[in-house]
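Okay, here's what each chain looks like letter by letter:
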Amino acid sequence: MKNYQIFTSGLYNLMEMTGLHGFNYNIFLFDTAGVKRGYMQKLLMYLSPVIYIFLVLYSLVYIIWRFVTSIISLKYTNVKITGNVCLLYMDLTMQRIKSAGLDKSIDIWIAGPNLSKTDTSHLQNLYYCKDIASFADIFATLGLCLRSFWFYLIHFRCLSLFYKSWDFYITYVVLKRYALDMDVCFSNQSDNWAIMFDNLPFRSRTLVQHGYIGDINLPVVLNNINVFYSLSQQLADEALSCLFSNKPRVVIMPPSIKLTDYHLKGFKILLVLDIRLLKIESLIVRLLSGLDVVLFLKRHPSLTNDICYRELVSKYKVVYITEQVFPKVDYVISYNSTLAYEYMNYNIPVYVYTKDNTEYNVDDVEYTIRNDVKKYRT
């Protein structure tokens, strides 16, 4: 894989996993962003060609602007990045690293562009790649951005926030300069960051499982992972069958979540949310509202636009959890998520109503929930 294709390969990877291309992929993006299907989404679809042109022009201007400001603000840094390095490029990475027991052995932390500085302010030896880039790094980043930009224009017609490629490639260039002296750990599994980390010539790579992988065919797999910390043996077996081309050493982690008791009376149920399954989730909430239970709704940590869920919460008496808190409950209903397996480790009954996170049978879901509530309540 050519250096300038790594960023767009992440986009290709997601398109292949969803099985969606072009306008259908745009619909997936709108759904993920929380845009309701209906008039607003139809309007956005009609405007997609205009939005595409706008994003292309904006990305080009933004990349040039980042190049100029990086040159102006360039500072000489004499930082040596070596030893055990943790790459914090995904939400929950710190939590997973601590659960794996790796945090005490980290020499240097490198944070991604989307990680808040308040989340990492307690860390010693913390760096952002943009702050330790050299003059040559900045020019190399510009070259990779422009070549990848041209590749995107030729091969893709779907919407993409391509302006983010600057942060991506500045990370790539800086890490490549130090890679031969680094043993890294990270928890990106199949996104473009994971593809980058797998392609860089690090001394060793440790992947700490971030979320559910599933037994699926991935268009891009990881080839160079040395150690894989998994949340359970079942999840490890699934990952070994589809995520890796090699066979890394597997270590099973203890549960990475701690349960919080809300001290509410009644039979407590947690519904784990995913915006792609809003339709069935709404039906489940409506069903449980008539069963005299205490219902918790747990928002996915990556979801920012949750208007649809807040509208649902306003109609029913539920406890809506948006922060990283995990309620102690009697029963869990979930899509095929990592959190479902975390709760299983606490010997809490869990009902996973879809294996592939797309297909389900409404009648089976309703029948199973009614019977499980009756069984576990007694």
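Before reading on, note that the structure itself is shown above.
Just so it is clear, the structure is predicted and the values come from calculations on it, not from any experiment.

The rules behind each value
Residues numbered from 1 in each chain as written. Predicted model: local features only at pLDDT ≥ 70, side-chain atom pairs only at ≥ 80, totals over all residues. Heavy atoms only, no water. Pairing = 2+ DSSP bridges. Helix = DSSP H or I, 4+ residues; strand = E, 2+ residues; numbered from the N terminus. Axes fitted to C-alpha atoms, helices over the stretch in contact; angles between N-to-C directions. Core = buried A, V, L, I, M, F, W, Y, C linked by side-chain atoms within 4.5 Å. Buried < 20%, exposed > 50% of the residue type's maximum accessible area, 1.4 Å probe, protein only. Contact = heavy atoms within 4.5 Å. Expected span 1.5 Å × (residues − 1). Polar contact = N/O pair within 3.5 Å; in protein donor to acceptor, adjacent residues only side chain to side chain.

Caption draft 1: Structural context of the sheet that holds strand S7 (residues 249-252). If you walk across this open sheet you meet the seven strands as S3-S2-S1-S4-S5-S6-S7, and the pairing is parallel. Edge strands, defined here as strands with exactly one partner in the open sheet, are strand S3 (126-128) and S7. The average angle at which neighbouring strand axes cross in this sheet is 25°, direction not considered. As defined by bridge partners, strand S4 (residues 182-186) adjoins strand S5 (residues 204-208) across four bridges and the pair is classed as parallel. Across the sheet, the residue bridging to Phe186 is Leu207, located in S5.

Caption draft 2: Highlighting the nonpolar core. By size, the foremost hydrophobic cluster in this structure holds 61 residues, and its most contacted members are Ile81, Leu87, Ile110, Leu175, Met182, Phe197 and Phe202. Examining the composition of this core, we find that nine residues originate from one element, helix H7 (residues 165-178), more than from any other. What Phe197 contacts, discounting residues up to four positions off in sequence, is Leu87, Tyr89, Leu175, Phe186, Asn188, Phe202 and Arg205. In terms of nonpolar packing, the next biggest core, distinct from the first, is built from 42 residues, Val272, Leu277, Leu303 and Val325 among them.

Caption draft 3: Inspection of helix H13 (residues 362-377) at higher detail. Taking 1.5 Å per residue as the helical rise, H13 with its 16 residues ought to reach 22 Å, and the 22 Å between its terminal C-alpha atoms agrees with that figure. Buried-residue contacts for H13 involve strand S9 (268-272), helix H10 (278-288), strand S13 (331-334) and strand S14 (350-352). Two or three places before Asp363, at the opening of H13, Asn361 has a side-chain oxygen 3.0 Å from that residue's backbone nitrogen.

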